[in-house]
Amino acid sequence: MNSIELLIKNFSSLPGIGKKSAARIAYYLLKADRNYSVSLANSISEARERVRNCSICGNYTENEVCDICSDTMREKNTICLVEMPQDISVIESTGVFKGQYHVLMGHLSPIDGIGPDQLNIKQLMERAVRDSISEIIIATNPSVEGDTTALYIQKLFEEKNIKITRLASGLPVGGDLEYTDRLTLMRSIQGRLPL
Ligand SMILES: [Zn+2]
């Protein structure tokens with residue numbers, strides 16, 4: 001395999017990049033300014049070198065503890081449980097939640113060999129006791145795996161005197177009922193609120 005083929009192969013293993021797009025990116029880089037390729041390669045290795053998981057919540061950070069965990073203004077007794085670090089920035093962008101986070105680093109998926117021990121569940125249990133957590137908001141993805149994970153967590157905390165809630169999944173704002181996918185509609189009916 002020559003270096004162009006290898007480059008295309010490496011790009012095509014990125015999420016959402018098919019073989020055609022991979023080839024387009026590879027040929028673009030070969031034609032573009034040489035400095036761009038160097039800077040791109042450097043930024044990838046620099047990020048891999050510097051970024052690690054926060055020792056408390058698992059969020060991505062360049063320090064031992066992330067900015068959210070070290071923010072003394074945030075509420076300490078509520079944890080929002082997410083699957084991946086990138087979910088934190090989505091929730092943070094709404095500006096609604098002012099508590100703590102905990103990253104599972106995935107979801108339960110027996111088919112892929114991912115059980116409770118492969119996720120940051122033990123750390124969550126320890127943290128809940130240590131930090132006297134009063135509520136855990138489960139914000140796993142609205143998928144079969146996300147629901148299974150949420151149910152598992154809920155059972156774990158059943159007798160722990162901690163309020164467990166799940167994000168209400170609703171219809172997209174401004175969307176038409178007609179164009180809403182069935183699963184979203186189903187969930188919004190199940191999770192309906194009294195008027
Ligand atoms: Zn953190």
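Going by the structure above, here's the rest.
All figures in this text were calculated on a predicted structure; none of them were measured in a lab. Once a new chain begins, its residue numbering starts again from 1 and follows that chain's sequence as written. This being a predicted model, a pLDDT of at least 70 is required before a residue's local features are given, and a value of 80 or more before pairs of side-chain atoms are given or counted; all residues contribute to the totals for chains, interfaces and linings. Based on all heavy atoms of the structure, the side-chain values leave hydrogens and waters out of the count.

**Considerations on unusual backbone geometry**
Then step 1. A positive phi angle, close to 45 degrees, is found at serine 132, a residue other than glycine.
Then step 2. One non-glycine residue, asparagine 161, lies in positive phi territory at about 60 degrees.
Then step 3. Mapped onto the elements of the fold, asparagine 161 is located in the loop between helix H7 (144–156) and strand E6 (163–166). Helix and strand assignments come from DSSP, with helices taken as H or I runs of at least 4 residues and strands as E runs of at least 2, each series counted from the N terminus.

**Remarks on the coordination of the zinc ion**
Then step 1. Water is not part of the atom set, so a site may look incomplete; the donors themselves are N, O and S atoms within 2.8 Å of the metal, or 3.2 Å for Na, K and Ca. Distances from the zinc ion to its protein donors, namely Cys54 (SG), Cys57 (SG), Cys66 (SG) and Cys69 (SG), fall within the range 2.3 Å.
Then step 2. Here the metal geometry follows the donor angles, with tetrahedral for four donors whose angles all fall between 85 and 135 degrees, square planar for four and octahedral for six when opposite donors are more than 155 degrees apart and every other angle is between 65 and 115, and irregular for all the rest. Relative to the metal, the 4 donor atoms surrounding the zinc ion lie at angles of 104 to 115 degrees, and the coordination shape comes out tetrahedral.
Then step 3. In primary-sequence terms, the residues that donate to the zinc ion follow C-x2-C-x8-C-x2-C. Here cysteine 54 matches cysteine 57 in class, with each residue buried. Summary of the burial criterion: residues with accessible area below 20% of their type's maximum are buried, those above 50% are exposed, and those between are partly exposed, where the area comes from a 1.4 Å probe applied to protein chains only.

**So, the side chain of histidine 102**
Then step 1. Within the fold, histidine 102 resides in strand E4 (residues 100–103).
Then step 2. Polar contact criterion, stated in full: a pair of N or O atoms within 3.5 Å, where within protein one must be able to donate a hydrogen and the other to accept it, and residues adjacent in sequence count only if both atoms are side-chain atoms. A polar atom in the side chain of histidine 102 sits 3.1 Å from the side chain of arginine 127.
Then step 3. Only heavy atoms enter the contact rule, under which two residues are in contact if any of them lie within 4.5 Å. With near-sequence residues (within four places) excluded, histidine 102 lies in contact with Ile56, Cys57, Ile79, Cys80, Leu81, Val82, Asn120, Gln123, Leu124 and Arg127.

**Some points on the packing of helix H1 (residues 3–12) against helix H2 (residues 19–31)**
Then step 1. Orientation is described by axes fitted as lines to C-alpha atoms, over the contacting stretch for helices, and by angles from 0 to 180 degrees between their N-to-C directions. Relative to each other, H1 and H2 sit at 130 degrees, their axes nearing to 8 Å. When the axes of H1 and H2 are compared, the pair comes out oblique. Seen along the crossing, H1 lies across H2 with a hand that is right-handed. Only Lys19, Ala22, Ala23, Ile25, Ala26, Tyr27, Leu29 and Leu30 of H2 make contact with H1, whose side of the interface consists of Ile4, Leu7, Ile8, Phe11 and Ser12.
Then step 2. In this count, Pro and Cys sit with the nonpolar residues alongside Ala, Val, Leu, Ile, Met, Phe, Trp and Tyr, while Asp, Glu, Lys and Arg are called charged and the others, Gly among them, polar. Looking at the contact of H1 with H2, its residues break down into 11 nonpolar, 1 polar and 1 charged. For this classification, under 35 degrees means roughly parallel, over 145 means roughly antiparallel, 65 to 115 means roughly perpendicular, and everything else is oblique. The crossing is said to be left-handed when, going from far helix to near helix, the turn is anticlockwise and less than a right angle, and right-handed when the turn is clockwise.

**Some points on the sheet that holds strand E3 (residues 78–82)**
Then step 1. Any two strands between which DSSP finds at least two bridges are classified as paired. Overall, parallel pairing links the 4 strands, which are arranged E4-E3-E5-E6 in an open sheet. The outermost strands of the open sheet, each flanked by one partner alone, are E4 and E6. Recorded for the sheet is a direction-independent mean angle of 25 degrees between the axes of neighbouring strands.
Then step 2. Bridge analysis of strand E5 (residues 135–138) against E6 gives 4 bridges, and the strand direction is parallel.

**A look at the pattern of salt bridges**
Then step 1. Criterion for a salt bridge: a side-chain nitrogen of Lys or Arg within 4 Å of a carboxyl oxygen of Asp or Glu. If you walk through the whole model with that rule in mind, you get 8 salt bridges.
Then step 2. Two residues, arginine 74 and glutamate 92, come together in a salt bridge whose shortest N-O distance is 2.9 Å. Taken as a pair, arginine 74 in the loop between helix H4 (67–70) and E3 and glutamate 92 in helix H5 (residues 85–94) lie far apart in primary sequence, 18 residues in all.
Then step 3. By relative accessible area, glutamate 92 is classed as partly exposed at 28%.
Then step 4. Taking the shortest distance from any N to any O, the salt bridge between aspartate 147 and arginine 166 comes out at 2.6 Å. With aspartate 147 in helix H7 and arginine 166 in strand E6, this residue pair connects regions lying 19 residues apart in the sequence.
Then step 5. On the basis of relative accessible area, aspartate 147 is assigned to the partly exposed category, the value being 30%.
Then step 6. Salt bridges linked by common partners bring Glu46, Arg50 and Glu62 together as one network.

**Quick word on the packing of aromatic side chains**
The way to describe two aromatic rings as a pair is by their centre distance and the angle between their planes.
Then step 1. Centres within 6.5 Å are what make two rings of Phe, Tyr or Trp a pair, Trp counting through its six-membered ring; a difference in plane orientation under 30 degrees is then read as stacked, over 60 as edge-to-face, and the rest as tilted. For the coordinates displayed, the defined rule picks out 2 aromatic pairs.
Then step 2. Aromatic side chains tyrosine 28 and tyrosine 36 sit 6.4 Å apart centroid to centroid with 80 degrees between the ring planes, which places their arrangement in the edge-to-face category.
Then step 3. You can call tyrosine 28 exposed: its relative accessible area is 52%.
Then step 4. Summarising the aromatic geometry, the rings of phenylalanine 97 and tyrosine 101 are spaced 5.2 Å apart at their centres and angled 70 degrees between planes, so their arrangement reads as edge-to-face. Judged on exposure class, the residue phenylalanine 97 and its partner tyrosine 101 are both buried.

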